[in-house]
Amino acid sequence: MHILVTGGAGYIGSHVVKQLIEDTNNSITILDNLSTGHEATIDTLKEIFAENKRGKRSFNFIHANLADFVNVDEIFAQNKFDALIHFAASIVVPESVENPLKYYMNNTVNTTNIINMCVKHSIAKMIFSSTAAVYGDAKEIPVKETTPKDPINPYGWSKLMSEQVITDACTAHDNFDAVILRYFNVAGADSLNRIGQSFPNATHLIKVAAQTALGTREKMALFGEDYETKDGTCERDYIHVDDLASAHLKALDYLDKDDKKSPDIFNVGYGHGFSVAEVIKTMKEISGVDFKVDKEPRRVGDPAILISDNSKTKKVLGWTPKFDDIKLICQTALAWEKTV
Ligand code: UFG
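A brief look at the structure comes next. It should be emphasised that the depicted structure is a prediction, and the values quoted were computed from it without experimental measurement.

Take the pattern of salt bridges next. One pass over the full model with this rule turns up 23 salt bridges. Between E163 and R182 there is a salt bridge, and its shortest N-O distance comes to 2.7 Å. With E163 in helix α6 (residues 154-172) and R182 in strand β6 (residues 177-183), the pair connects residues that are 19 residues apart, well separated along the chain. What makes E163 buried here is its relative accessible area of 4%. A salt bridge links K207 to E337, with the nearest nitrogen and oxygen atoms 3.0 Å apart. Here the residue K207 occupies a position in helix α7 (residues 205-213), and E337 occupies one in helix α11 (residues 326-337), the gap between them amounting to 130 residues. The class for K207 is buried, based on a relative accessible area of 7%. Taking relative accessible area as the criterion, E337 reaches 8% and is therefore assigned buried.

Compared with an ideal rise of 1.5 Å per residue, which puts twelve residues at 16 Å, α11 spans 16 Å between its outermost C-alpha atoms and is within 8% of the ideal. Residues I326, I329, C330, T332, A333, L334, W336 and E337 constitute the buried set of α11. Packed against the buried residues of α11 are β7 (185-187), α7, β10 (238-240), β12 (274-275) and α9 (276-287). Between the side-chain oxygen at the start of α11 and the backbone nitrogen of K327 there is a gap of 2.9 Å, and the oxygen is on D325.

This brings us to the sheet that holds β12. Spatial ordering of the open sheet is given by β12-β9-β14, a layout of three strands whose pairing is mixed. The open sheet is flanked by β12 and β14 (305-306), the only strands paired with a single partner. As defined by bridge partners, strand β9 (residues 235-236) adjoins β14 across two bridges and the pair is classed as parallel. Bridged to R236 within β14 is L306.

A few words on helix α3 (residues 69-78). Along α3, the residues that are buried comprise V72, I75 and F76. The buried residues of α3 occupy an angular sector of 95° when projected down its axis, which confines them to one face. Facing away from the buried surface of α3 by more than 90 degrees, the exposed residues are V70, A77 and Q78. Of the surrounding secondary structure, the elements contacted by the buried residues of α3 are β1 (2-6), β2 (27-32), β3 (59-63) and α5 (100-120).

Definitions and cut-offs
- Within any chain, residue numbers begin from 1 and follow the written order of that chain's sequence.
- Thresholds applied to this predicted model are a pLDDT of at least 70 for local features of residues and 80 or more for the giving and counting of side-chain atom pairs; totals over whole chains, interfaces and linings are not thresholded and use all residues.
- Heavy atoms throughout the structure, all of them, feed into the side-chain values; hydrogens and water do not.
- The working definition used for a salt bridge is a side-chain nitrogen of Lys or Arg within 4 Å of a carboxyl oxygen of Asp or Glu.
- The secondary structure listing takes helices from DSSP runs of H or I that are at least 4 residues long and strands from runs of E that are at least 2 residues long, numbered from the N terminus.
- Only protein chains enter the accessibility calculation, which uses a 1.4 Å probe. A residue is then buried if its area is under 20% of the maximum for its type, exposed if over 50%, and partly exposed in between.
- Here the expected span of a helix is defined as 1.5 Å times the quantity of residues minus one.
- It only takes one pair of heavy atoms within 4.5 Å for two residues to be counted as in contact.
- For the purposes of these results, a polar contact is taken to be a pair of N or O atoms within 3.5 Å, where, inside protein, one atom must be able to donate a hydrogen and its partner to accept one; residues adjacent in sequence count only when each atom of the pair is a side-chain atom.
- Here the rule is simple: two strands pair whenever DSSP picks up at least two bridges between them.
- Think of it as the arc spanned by the lines of direction from the helix axis to the C-beta atoms.

See below:
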């Protein structure tokens, strides 16, 4: 099978590509505009591919912009893709509040166009990167796939609107099937430290804590200690990026099944969480650095608790996480941060 991976030079996309190279026999084409992805990541993936040569399969990188619809159409016409894994998107929540149109263009509009390309060029399978942000202030914890969706920022809306486009396209077109994966809090890095999170100006807790432990940042903020949680700080479901990646391989297998539902939607998280204070404590312990943490007021738009119910993902996709260990997640994030 020949799989097109948009955003494959980015953090999550590159970990999925790594697993496609190491654990499958598929050919892979990455399409990325390198706006947040990196050429060095592509070079590393090429090296991993060279170490895993199997048969005549290929590995290609196309430097292109999804907003260039004419070029994307040509790329689809020139290649015979069998499946699409669509990561390319803008993902910074506060930025989406300041610049919503960027999010609706990059996420909703570009996703609509690429679905249109799949239908036009007969690509029957799609896996879509969605987010727990579609649930907003979740109406129940743990969050099920059926929990009401009520985004509280344009990022979440841009993904939920994309989910609707996918749903309608699957209903209208018999030869187009999709799996939507809703990611919880993704963190950590490849255990061999070859790839990781290189996104500049990171805002995510574990990355920020790793940078502070290493002195890249002088101090970090802890946003809010007055939530109704076990210790007053927000709780999140942190999932190691390689466990998230393996859910995509399971989703590809699922799309081959005759009894699949399309589109089908799955939460990808561990089903339990840690507080911000616990994560900071863990990073301090494993780094051996008692870095400075400023206690600040709540950050706008933060729900108190976001924990997945992953029972459907385990049962229907047969997904078994292997790295459900907050220390390991922090250790791999810290090891990667030393290389950035
Ligand atoms: N936090 C801090 N200090 C920091 C950074 C974060 O205290 O420097 C806190 C936040 O206030 C929040 C928690 O750590 O309470 C987690 O924040 P992140 O920014 O790491 O992640 P979010 O939960 O805000 O969002 C992430 C993704 C979303 C996704 C969500 C799913 O960015 O796209 O996880 O749970 F929807």
